[in-house]
Amino acid sequence: LQLVESGGGLVQPGGSLRLSCKASGRQLRYYAIGWFRQAPGKEREGVSCISPNSGTTNYRDSVEGRFTSSRDNDKNTAYLQMDSLEPDDTAVYFCAAVFGVLPRDCPDNDDYEVWGQGTQVTVSS
């Protein structure tokens with residue numbers, strides 16, 4: 001499985017972006033997808049997870065209500081819709097995948113096996 005993120009860019013505070021995570025090589029429907037971010041000088045942190053069947057989505061507290069994870073397994077693509085963006089959301093965003101979890105499960109952040117290369121999100125006026 002290979003993952004490629006896209007959709008990052010520069011946006012003003014309060015704006016929106018939608019990140020995409022396109023998978024190739026395997027069917028994404030059997031993988032849980034996590035979104036992570038890393039800001040300069042900070043550790044990588046988990047942002048969101050979506051289970052293989054989309055039955056479970058989790059978010060870190062700081063993005064709850066502003067970010068939405070979704071997936072289209074037929075298109076082998078996962079998405080992170082980011083609304084009401086804040087300067088503290090500035091980071092490189094990564095998607096990651098792990099195979100073999102139950103359809104409604106989201107794994108621990110340390111369990112992800114495959115990572116994309118990341119896409120830069122900058123929130124600034």
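Scroll up a little and you will see the structure.
These figures come from a predicted structure and were not determined experimentally. (Residues numbered from 1 in each chain as written. Predicted model: local features only at pLDDT ≥ 70, side-chain atom pairs only at ≥ 80, totals over all residues. Heavy atoms only, no water.)

Time to look at the overall build of the protein. Along its length, the protein carries zero helices and 11 strands. In sequence order, the protein lays out its α and β elements as β-β-β-β-β-β-β-β-β-β-β. Taken over the C-alpha trace, the protein has a radius of gyration of 13 Å; the compact-globule value for 125 residues is 14 Å, and the two agree within 12%. With respect to the principal axes defined by its C-alpha atoms, the protein has extents near 40 × 25 × 25 Å. For the protein, the proportion of its 125 residues judged to be buried stands at 46%. Restricting the contact set of the protein to residue pairs at least 6 apart, pairs at least 24 apart contribute 60%. (Helix = DSSP H or I, 4+ residues; strand = E, 2+ residues; numbered from the N terminus. Rg over C-alpha atoms; globule rule 2.2 N^0.38 Å. Buried < 20%, exposed > 50% of the residue type's maximum accessible area, 1.4 Å probe, protein only. Contact = heavy atoms within 4.5 Å.)

The geometry of two aromatic rings is summed up by the distance between their centres and the angle between their planes. Inspection of every chain in the model, using the stated rule, returns four aromatic pairs. Their ring planes at 55° and their centres at 5.3 Å tell us that Tyr 31 and Phe 99 sit as a pair that is tilted. You can see Tyr 31 sitting in strand 4 (residues 31-38) and its partner Phe 99 sitting in strand 9 (residues 91-99), a full 68 residues away along the chain. Consider the rings of Phe 36 and Trp 115, whose centres lie 4.7 Å apart with planes at 50°: the pair is tilted. With Phe 36 in strand 4 and Trp 115 in strand 10 (residues 114-115), this residue pair connects regions lying 79 residues apart in the sequence. (Phe/Tyr/Trp six-rings, centres within 6.5 Å; stacked < 30°, edge-to-face > 60°.)

Our focus in this paragraph is the environment of Thr 57. Following the sequence through the fold, Thr 57 ends up in strand 6 (residues 57-59). Taking C-alpha positions, Thr 57 is 19 Å from Gln 27, a pair spaced 30 residues apart along the chain. For Thr 57, the residues in contact, after removing those within four places along its chain, are Cys 49, Ile 50 and Ser 69.

Time to look at a negative patch on the surface. A cluster of acidic side chains, namely Asp 108, Asp 110, Asp 111 and Glu 113, defines a negative patch on the protein surface. Mapped onto the elements, Glu 113 comes out in the loop between strand 9 and strand 10. (Patch = residues over 30% accessible without salt bridge, like charges linked within 9 Å, V, L, I, M, F, W, Y side chains within 5 Å. Areas by Shrake-Rupley, 256 points an atom, 1.4 Å probe, with all protein chains shown as cover. Salt bridge = Lys/Arg side-chain N within 4 Å of Asp/Glu carboxyl O. Lys, Arg positive; Asp, Glu negative; His and termini not counted. Charge placed at Lys NZ, Arg CZ, Asp CG, Glu CD.)

A few words on the state of the cysteines. As enumerated under the stated definition, the model contains two disulfides in all. A sulfur-sulfur separation of 2.1 Å characterises the disulfide bridge that pairs Cys 21 with Cys 95. Because the sign of the S-S torsion sets the handedness, a value of about 70° for the bond joining Cys 21 and Cys 95 places this disulfide among the right-handed ones. Residue Cys 21 is found in strand 3 (residues 17-24), and its partner Cys 95 is found in strand 9; the two are separated by 74 residues along the sequence. We classify Cys 21 as buried; its relative accessible area is 0%. Between the sulfur atoms of Cys 49 and its disulfide partner Cys 106 the distance amounts to 2.0 Å. Measuring handedness by torsion sign, the sulfur bridge of Cys 49 and Cys 106 sits at about -105° and is left-handed. On the criterion of sequence distance, the pair formed by Cys 49 in strand 5 (residues 45-50) and Cys 106 in the loop between strand 9 and strand 10 is long-range, its members being 57 residues apart. On the basis of relative accessibility, which here comes to 6%, the residue Cys 49 falls in the buried class. (Disulfide = S-S within 2.5 Å.)

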